[in-house]
Amino acid sequence: MSIELDTRLFQLQNELDDHARVARYLGLDFERPIKSLGDGYPENAISLVGKITERILKQLWRHHNVPGDPGGKTLSELIKGAQPHIRSSNVLDSLRDIQRLRNRSAHDGYEIAEEEGLAAVRRLLDILAWFSSTGSGVLSGDVPKLAPEVAVKAEFLAGLYVTLGFQPVKRFELSRNTVYQLFFRERGLRSEYVELLLSRNVDDVVQVLEATDGELLQTRLPKLTRFLILEENGTGPATSPLGGDYRVLTYDRFMDAFVDLDRHLADVVGSYPELLDAGRLTISGDLLTTDERTGEQQVTRIGAADQLLDEVAASGGNLLIVGRSGSGKTTLLKQLVARSATADRRRYRFYFDMSLKRRDEQLREFVTRVLTPYMAVESTYVFEVFNYFARAGSVLCALDGIDEAVSSTTQTGFLELFAEIAQVLSAESAVVTTSRVSFLEDSPQVRRLLDGTALVSEKLVQQLHARGVNPLLVPRFSALRLNDLPEGATPLHADLADDRGPKQLPELVWRHLAKVASSASAGLPSLASYFGAAFLRGRTVFTFVDLVNDLGMGLFDGGRLTYESFRLRELFRPAGPAAVTFRHSAYQEMLAAEYLRDQANREAVLDTGPRLTEQLREFLSQLSREGSTDDCVLPAGVYLVGPSHHLMLRRVERPVRFDQFPVTVRRYNRFLEAVRRQGSQEWDHPAKPPEFSHEPWWERLRVKEYFIGPAYEDHPAVCVNYWSAYAFARFEGKRLPTSLEWEAAARGLEGRRFPWGDDIELSFINSADSWSRRPLITYDAWREELDRGGLSQAMPVPVHDHGGNVSPFGIRQMVGNVWEITGSVLDELGEVVICGGSYDNPFRALQASSKGLFRRRGCSNAVGFRCVEEL
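Note that the coordinates shown come from a computational prediction; the quantities given were computed from them, not determined experimentally.

Caption draft 1: Seen up close, the packing of helix α20 (residues 505–519) against helix α23 (residues 585–596). It is the contact of α20 with α23, at a shortest axis distance of 10 Å, that shows an interaxial angle of 90°. Taken together, the axes of α20 and α23 lie roughly perpendicular to each other. Mapping the contact onto sequence places Pro 506, Val 509, Trp 510, His 512 and Leu 513 in α20 and Ala 586, Tyr 587, Met 590, Leu 591 and Glu 594 in α23.

Caption draft 2: Representation of helix α7 (residues 114–133). When the terminal C-alpha atoms of α7 are compared, their 28 Å separation across 20 residues agrees well with the 28 Å that a helix rising 1.5 Å per residue should span. Directly after α7, the chain includes Gly 135, whose backbone phi takes a positive value near 80°.

Caption draft 3: Inspection of the environment of Thr 629 at higher detail. Within the element layout of this structure, Thr 629 appears in the loop between α25 (614–623) and β16 (633–634). Ignoring anything within four residues of it in the chain, the contact list for Thr 629 reads Pro 808, Phe 809 and Gly 810.

Caption draft 4: Layout of the pairing of strand β11 (residues 430–436). In terms of burial, β11 is largely enclosed, as seven of its seven residues are buried. By the alternation rule, side chains of β11 split into Ala 430, Val 432, Thr 434 and Arg 436 and Val 431, Thr 433 and Ser 435, which are all buried. Looking at chain direction, strand β8 (residues 319–323) and β11 are connected through five bridges and run parallel. Of the residues in β11, the one forming a bridge with Val 322 is Ser 435. One ladder, built from four bridges, connects strand β10 (residues 395–400) with β11; its direction is parallel. When the bridges of β11 are listed, Leu 396 appears paired with Ala 430.

Caption draft 5: Region of the structure containing the sheet that holds strand β19 (residues 656–658). With respect to topology, three strands assemble into an open sheet ordered β16-β19-β24, the strand pairing being antiparallel. The open sheet has two free edges, formed respectively by β16 and β24 (868–870), since each of these has just one partner strand. By the bridge criterion, two bridges tie β16 to β19 in an arrangement that is antiparallel. In the sheet register, Leu 634 faces β19, and the bridge partner there is Val 656. In this fold helix α28 (residues 739–747) packs onto β16, β19 and β24, with an angle of close to 70° to the strand it touches most, β19.

Caption draft 6: Representation of the sheet that holds strand β22 (residues 851–855). Spatial strand order, β22-β21-β20-β23: four strands in an open sheet with mixed pairing. Each of the sheet's edge strands pairs with one partner strand only, and the pair in question is β22 and β23 (863–865). Each adjacent strand pair in this sheet contributes to an overall mean axis angle of 50°, direction not counted. Summarising the sheet, strand β20 (residues 819–826) and β23 pair through three bridges and their orientation is parallel.

Caption draft 7: Just the nonpolar core, in detail. Membership of the largest hydrophobic core comes to 124 residues, with the highest contact counts inside it found for Ile 56, Tyr 161, Phe 254, Phe 352 and Phe 389. Ranked by residues supplied to this core, first place goes to α7 with nine residues. Those residues in contact with Tyr 161 that sit more than four places away from it in its chain are Phe 166, Phe 183, Val 194, Leu 196, Phe 227, Phe 254 and Phe 258. Counting 47 residues, the second largest nonpolar core, distinct from the first, contains Phe 544, Leu 555, Phe 556 and Val 580.

Caption draft 8: Summary view of the environment of Leu 571. Structurally, the position occupied by Leu 571 is in the loop between α22 (544–551) and β14 (572–574). Judged by its relative accessible area of 2%, Leu 571 falls in the buried class. Residues Leu 571 and Arg 583, spaced 12 residues apart in sequence, show a C-alpha to C-alpha distance of 5.7 Å. Dropping the residues within four chain positions of it, Leu 571 is found in contact with His 512, Leu 513, Val 516, Phe 582, Arg 583 and Tyr 587.

Caption draft 9: Inspection of the packing of aromatic side chains at higher detail. Inspection of the entire model under this criterion finds 45 aromatic pairs. Ring centres 5.9 Å apart and planes at 25° place the aromatic pair Tyr 668 and Phe 728 in the stacked group. With Tyr 668 in helix α26 (residues 665–678) and Phe 728 in helix α27 (residues 722–731), this pair connects stretches of sequence that are 60 residues apart. Phe 728 sits in the buried class, given a relative accessible area of 0%. Ring-pair connections join several aromatic residues into one group, and the members of that group are Tyr 668, Phe 671, Trp 683, Trp 698, Tyr 706, Phe 707, Tyr 712, Phe 728, Phe 731 and Phe 865. Here the guanidinium or amino end of Arg 347 rests over the ring plane of Tyr 348, the centre of that ring lying 5.1 Å away. Positioned over the ring face of Trp 697 is Arg 700, at 4.0 Å from the centre of the ring.

Caption draft 10: Up close: the pattern of salt bridges. By the definition in use, this model includes 48 salt bridges. Between Asp 97 and Arg 123 there is a salt bridge, with the nearest N and O atoms lying 3.0 Å from each other. Here the residue Asp 97 occupies a position in helix α6 (residues 89–106), and Arg 123 occupies one in helix α7, the gap between them amounting to 26 residues. You can call Asp 97 partly exposed: its relative accessible area is 23%. We classify Arg 123 as buried; its relative accessible area is 18%.

Definitions and cut-offs
Residues numbered from 1 in each chain as written. Predicted model: local features only at pLDDT ≥ 70, side-chain atom pairs only at ≥ 80, totals over all residues. Heavy atoms only, no water. Axes fitted to C-alpha atoms, helices over the stretch in contact; angles between N-to-C directions. Helix = DSSP H or I, 4+ residues; strand = E, 2+ residues; numbered from the N terminus. Parallel < 35°, antiparallel > 145°, perpendicular 65-115°, else oblique. Contact = heavy atoms within 4.5 Å. Expected span 1.5 Å × (residues − 1). Buried < 20%, exposed > 50% of the residue type's maximum accessible area, 1.4 Å probe, protein only. Pairing = 2+ DSSP bridges. Core = buried A, V, L, I, M, F, W, Y, C linked by side-chain atoms within 4.5 Å. Phe/Tyr/Trp six-rings, centres within 6.5 Å; stacked < 30°, edge-to-face > 60°. Lys NZ or Arg CZ within 6 Å of the ring centre and 35° of its normal. Salt bridge = Lys/Arg side-chain N within 4 Å of Asp/Glu carboxyl O.

Structural measurements only, silent on function.
See below:
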């Protein structure tokens with residue numbers, strides 16, 4: 001063993017000896033990892049550190065009454081269970097580092113270096129040092145003389161200064177209500193000290209000092225900062241027992257020494273003066289929480305949304321506010337933050353406009369950038385201090401518009417952002433976020449992830465891991481679902497509408513844009529070209545210099561580059577000293593929708609991975625002037641496709657003509673007659689297994705006479721596999737459509753939600769709702785209906801039924817009734833893409849973007865097909 005290693009091991013052993021109380025109380029042997037390192041077995045040292053860490057986590061598990069028995073849990077499971085109760089990000093990082101080192105050590109063939117064994121011991125020391133430094137007796141069994149509420153406050157204060165890089169020097173419990181703490185840190189050549197005297201009131205302090213003749217405070221420390229922290233009488237008497245070198249604060253205002261909350265809130269409110277005038281609107285909502293026993297999401301409260309939010313602020317908990325664009329999410333959140341001045345609980349409230357977070361910016365960097373002007377700590381500590389405040393439950397953290405901050409508007413993009421947000425979540429935290437509802441409504445997987453990881457299916461877990469997202473890091477939220485207000489009653493409507501104008505939101509937004517553009521002598525097409533294209537590229541913040549360079553000096557009065565002289569300021573709000581962003585994202589999304597009406601513009605942004613939101617798609621759909629045809633021809637072009645949480649632009653290279661209806665039993669029987677006469681070799685797929693015939697799967701048919709009786713000749717052909725659908729298409733001189741062609745034909749150029757438009761029309765479709773005779777709004781309602789047999793009679797109907805189910809190109813019955821097989825095949829999986837949904841699916845799932853995977857050899861009563869002809 002080298003002299004250098006021997007010295008380092010000696011130092012580590014001495015530091016571990018400082019935690020002998022923990023070792024005795026938990027029955028741990030801190031010498032064994034050091035001995036293993038000295039003997040040249042770093043892998044054994046890492047294994048021993050892992051076992052010690054497990055024992056520590058089991059103690060935390062039991063101390064905080066985490067549900068379940070920690071015995072037999074893996075290190076990963078123990079970290080997950082204890083994580084909500086650990087305030088220090090450094091402790092969490094240490095735990096994850098130990099887990100990572102142990103996983104590497106256990107991997108066969110991986111050589112463990114001496115330095116890795118030393119690192120594991122150092123991370124263990126970081127964990128032990130935190131609990132010793134904060135005075136927590138959870139690992140040592142020490143029982144403080146302090147009153148419990150005083151001990152909790154002392155632990156919080158100590159943790160704050162440890163987070164700032166201080167080390168505890170002295171700690172005296174002077175009475176049941178009074179504790180003295182001294183902290184020290186080195187800053188280059190400078191030494192800094194902080195003294196804290198925490199007590200009930202000044203009388204208690206005087207009694208303690210008289211008992212010690214004031215000796216405690218006769219210190220001669222350099223750069224001394226002295227605080228007297230009281231539960232009451234925060235102003236102190238005229239003559240203080242501490243002399244003149246002190247600051248007196250009540251405990252609930254102690255954070256004023258670190259945060260200029262009043263200035264932060266003034267800037268927040270000042271950025272949106274008109275939004276706080278929405279008190280005339282009553283916004284109601286449903287509070288959804290997850291039942292701990294059953295894991296099901298239930299509506300537990302219904303009422304005024306602002307009151308429900310106040311309850312969360314007072315009692316704690318993490319909440320997701322979901323609602324449509326303009327429904328009042330930002331209004332509610334800003335009002336919640338602004339009410340902090342009169343709040344008894346969580347007076348300190350931070351607001352973050354997530355639309356200002358750059359797409360390549362980490363949450364840590366964004367929080368630091370936003371809060372640095374308001375926090376009296378070095379910028380390197382801003383996020384750590386904020387994180388500590390949030391995890392300790394001392395602040396309410398408001399994250400507005402999280403769907404505007406994702407790296408990509410996909411399920412993976414949201415999960416990655418949730419994983420970052422998880423840094424500030426704990427059992428004590430109160431984090432309130434807002435998002436538009438559509439990506440949660442239309443993606444059951446994403447929605448259920450918000451309910452807790454216990455509801456995530458094993459298949460989804462595998463998908464998340466494959467995308468590099470750890471499902472265990474996805475936070476758990478309750479949800480406040482804002483109810484739709486009457487037409488024209490949303491805050492955004494109220495801000496834009498007048499007695500003469502239209503009431504539809506798209507028309508209001510478009511009219512307001514045109515009005516402001518006209519008054520500023522700016523052409524609306526040029527604004528759409530500039531700001532619309534910028535939105536698609538993920539750009540929402542614009543500097544004055546950029547605006548002048550790209551749009552000209554005419555946008556500013558008097559040649560002054562200020563917000564007050566900006567001629568479009570009615571649409572914008574400040575986003576920094578010399579930058580602006582739109583007051584509401586709907587304005588820029590409307591301009592982006594107008595930009596996308598031109599096929600040339602779609603081509604221009606096609607390969608850039610454009611940012612496409614559900615609101616943009618709705619504007620494009622609702623204001624489009626696209627006409628309908630009845631020739632069933634899908635033109636070549638760039639189309640908007642994909643589910644609401646993953647909208648995309650994709651090109652259809654060549655025009656095709658679709659069958660107007662799905663293939664019927666009558667048409668398929670003609671094919672069967674030809675096959676029986678002459679065989680099917682000329683039409684068969686080259687890879688069709690020889691054992692497959694083109695007969696329907698008779699045994700699986702729910703109606704045995706389906707292909708025989710004349711009553712079903714106009715019903716869709718079902719219980720046939722992909723091989724048969726492929727052969728039938730060739731028999732008619734056609735082919736199966738690709739899934740892209742199918743969706744583009746169903747949605748049209750404007751990207752409709754349903755073939756007929758965006759409105760829900762129950763009479764237009766054969767769905768599970770039709771057969772159950774009641775709306776099946778949620779997944780749980782559909783599952784309940786299915787399980788109790790309410791859909792036992794559901795089956796396909798003739799293809800001519802539901803005449804309103806028609807796409808912009810005259811193609812009929814594309815959603816509902818039966819899924820349709822496409823020509824998009826995943827060869828490695830032996831599966832084919834099917835589109836449109838069927839009679840036993842709930843209406844809300846039967847959108848033009850609905851897709852599934854189906855075995856090529858599979859047959860189902862709910863799966864049919866249609867063909868296309870190349871032009």
